[in-house]
Amino acid sequence: MLRPRDPARDDGGEEMAEPTDGPAARAAVPLRGQRGIDPVGRALVRRGLLGSRSLFEAEARVQRAEVRLPDALRLAFAVPEEDIAAAVAEVARTRLIDPLVRPPDPALIRRVGAAACARLGVLPWRRAGGSTVVLTSRPDEIVRHEAELAAALGPISVAVATERQITAALQRHAARDLAAAAEVRLDEGLSSRGWQRSGALWLFVGLVFGVAAAFAAAPRATFLVLAVWAVATLALSTALKVAAFAAVLRQPRGGSPKATALPLRLPTVTILVPLYREKAIAAHLLARLQALDYPQELLDICLILEQDDVLTRATIAGTELPPWIRTFTVPRGSVKTKPRALNYALDFARGSIVGVYDAEDAPAPDQIRKVVARFAAAPPQVACLQGILDYYNSRANWLARCFTLEYATWFRIMLPGLARMELVVPLGGTTLFFRRAVLEELGGWDAHNVTEDADLGLRLARAGYRTELLHTVTEEEANCRPWPWIKQRSRWLKGYAITYGVHMRRPLRLLRELGWWRFAGVQVLFAGTLSQFVLAPVLWSFWSFPLGLTHPLEGVFGMPVIIALGTLFVASELVNVAVAAVAVQRAGKPALMVWAPTLHAYFPLAAVACYRGLAELAFRPFYWDKTDHGLFLPGRNGTGTARPGRAAATPPPPPTPRQDEAG
């Protein structure tokens, strides 16, 4: 239980803080005082730190939003956090303690758990007078957590510290525990961290030698089996694209569902932005974030840095950040990945909606308003909103044009079509927004998966939740240099393989949770995609028939089969071209339609990336290459503006940047 005031001393002889006077006394300190005026606000007015008019305006904002008055005063009215904390302590009849000056006992933090402390916004400080002093910036709310804290600490008493001090102290004295918790947040049965490199290596070697032996023993029969598999997956993948295309054409132009009116009370929205080696992009990122049209006191932007990333940390340290932007530094661990960084910051988030941006993102200014409006109108089963991604350097070169065509197809046709058909939606890595409660229920992100976005989309579907595509656009920087493109795509395909392997550990359970329809969709999306790239050379071999060259299956297929195969190949190419042309026209870039036929020469690069990615499954399953961002700045007409000293023909990196694996 909470103990009454007990001015005891700690082991070091320092005078301890006066705790609150117990639950009854604390309950007598309401959030709103007489005549509807908050007692903390009255204390600030009495101290001359706030005008009465500003207080009334701040209270009006509190009525219209899910925000505490102290946060509104700090973020919207620039009242210093330390002054607010002093007023909170006065109202709660306790004292201020700065845990950065008088550090906490780490053993007490471990009793509660560092991640739980971050989630609850508390800091177990020291033992005093038979109780544990717990620091919080919100003493009026701690009664809700009293049972959980008392179970770990025994009787507790309360003192006040600022949120910034509590967060900094947790990161200083429990950093390793926070990092370890971020790596294992997801249940092991659904995580890729149990991936055995040795087992994958032997499987990889076994498959290579098995196929080689089969070719040596029965070359024609082996080639026939592979050809049948390649043709079947091509037919299924084309059918899925046609079905998604038809589903999108049946819906109203502009996307469905549409954002509706904002709710009466606006929620706080947390945006997580992982950064790694981002000196060139930092200033432009901050400008884009500040352009978001949403009340500042309801925006919680979290920039997540890596401990060994001296470059980005120095850049951010030299940048004046607004009070609604916070920074977190993730300690070294067994892996260094984007999802691990996201997990690390999630417990510190303030918002009931959690979003993810990448370093090079340029979101539409009204994007947060659309997200809030849609979540307010959507049923609870809609747990995730995926925005549309596009490129601002879409005409930098041929590769950028093709990448833009591919992204337009994926985000404007395939994903909306999959959602409309109630199939699993593999998420993109950015412009994602979640109901925080659902995200925490699912265990956050898989810290070891290099396509944590697609994995999370599948886990959402398994848990019975839905993902919707929202008609709001975030522009990114297209990765349009061949070798960086291949490295990026190898990471994605490697992650697809790991995600498929993890979820197919227990296929019958997956079938029960998804049902036959969505289970079949997963097979086409994941196994079909991988098969198409792995077996691409088999499909290319059929060019020998129209060219009059010898083919391994010559004489096996009759003319009707050859005609049917030719029809399928031509039809699949026409579908690809038509869908890409319509998609890029919907993206507002009709000039790129003429480049759609060249996708036939673009996708073979992915076959090279697939072989590279599959090889890494055996040697470096949690690794990806980091590519620089910021070679282009948003420009007009999709061209982008090359940064000084950079040629426009040698552009940038990936749309879903993730960091390298440690070690």
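Presented here is a report on the structure given in the accompanying data block.

## Looking at the overall build of the protein chain
- The secondary structure content of the protein chain amounts to 26 helices and 13 strands.
- Per-residue burial over the protein chain gives 57% buried out of 663 residues.
- Within the protein chain, contacts between residues separated by at least 24 positions form 78% of all contacts whose residues are at least 6 apart in sequence.
- Here the protein chain displays about 26,600 Å² of accessible surface, and carbon together with sulfur accounts for 60% of that area.

## Observations concerning the nonpolar core
- Of all hydrophobic cores here, the largest spans 116 residues; its most connected members are Phe434, Trp445 and Leu460.
- Counting residues per element, this core draws most heavily on helix H17 (residues 398-420), at twelve residues.
- Apart from residues lying up to four places away in sequence, Trp445 is in contact with Leu186, Leu272, Pro339, Leu342, Asn343, Leu346, Val356, Phe434, Leu439, Glu452, Leu456 and Arg459.
- Core analysis: the second largest hydrophobic core is formed by 53 residues, Val40, Ala43, Leu55 and Leu73 among them.

## Observations concerning the environment of Leu427
- Note on placement: Leu427 falls in the loop between H17 and strand E10 (432-435).
- Judged by its relative accessible area of 5%, Leu427 falls in the buried class.
- Beyond its immediate chain neighbours, meaning those up to four positions away, Leu427 contacts Cys384, Gln386, Leu432, Phe434, Asp453, Ala454, Leu456, Gly457, Leu460 and Thr467.

## Quick notes on the sheet that holds strand E2 (residues 131-136)
- The three strands are arranged E1-E2-E3 in an open sheet whose pairing can be described as mixed. Unpaired on one side and paired on the other, strand E1 (122-128) and strand E3 (156-160) mark the two borders of the sheet. Averaged over neighbouring strand pairs, the angle between their axes works out to 30° when direction is ignored.
- The sheet contact formed by E1 and E2 spans six bridges and is antiparallel.

Conventions adopted
Residues numbered from 1 in each chain as written. Predicted model: local features only at pLDDT ≥ 70, side-chain atom pairs only at ≥ 80, totals over all residues. Heavy atoms only, no water. Helix = DSSP H or I, 4+ residues; strand = E, 2+ residues; numbered from the N terminus. Buried < 20%, exposed > 50% of the residue type's maximum accessible area, 1.4 Å probe, protein only. Contact = heavy atoms within 4.5 Å. Areas by Shrake-Rupley, 256 points an atom, 1.4 Å probe, with all protein chains shown as cover. Core = buried A, V, L, I, M, F, W, Y, C linked by side-chain atoms within 4.5 Å. Pairing = 2+ DSSP bridges. Axes fitted to C-alpha atoms, helices over the stretch in contact; angles between N-to-C directions.

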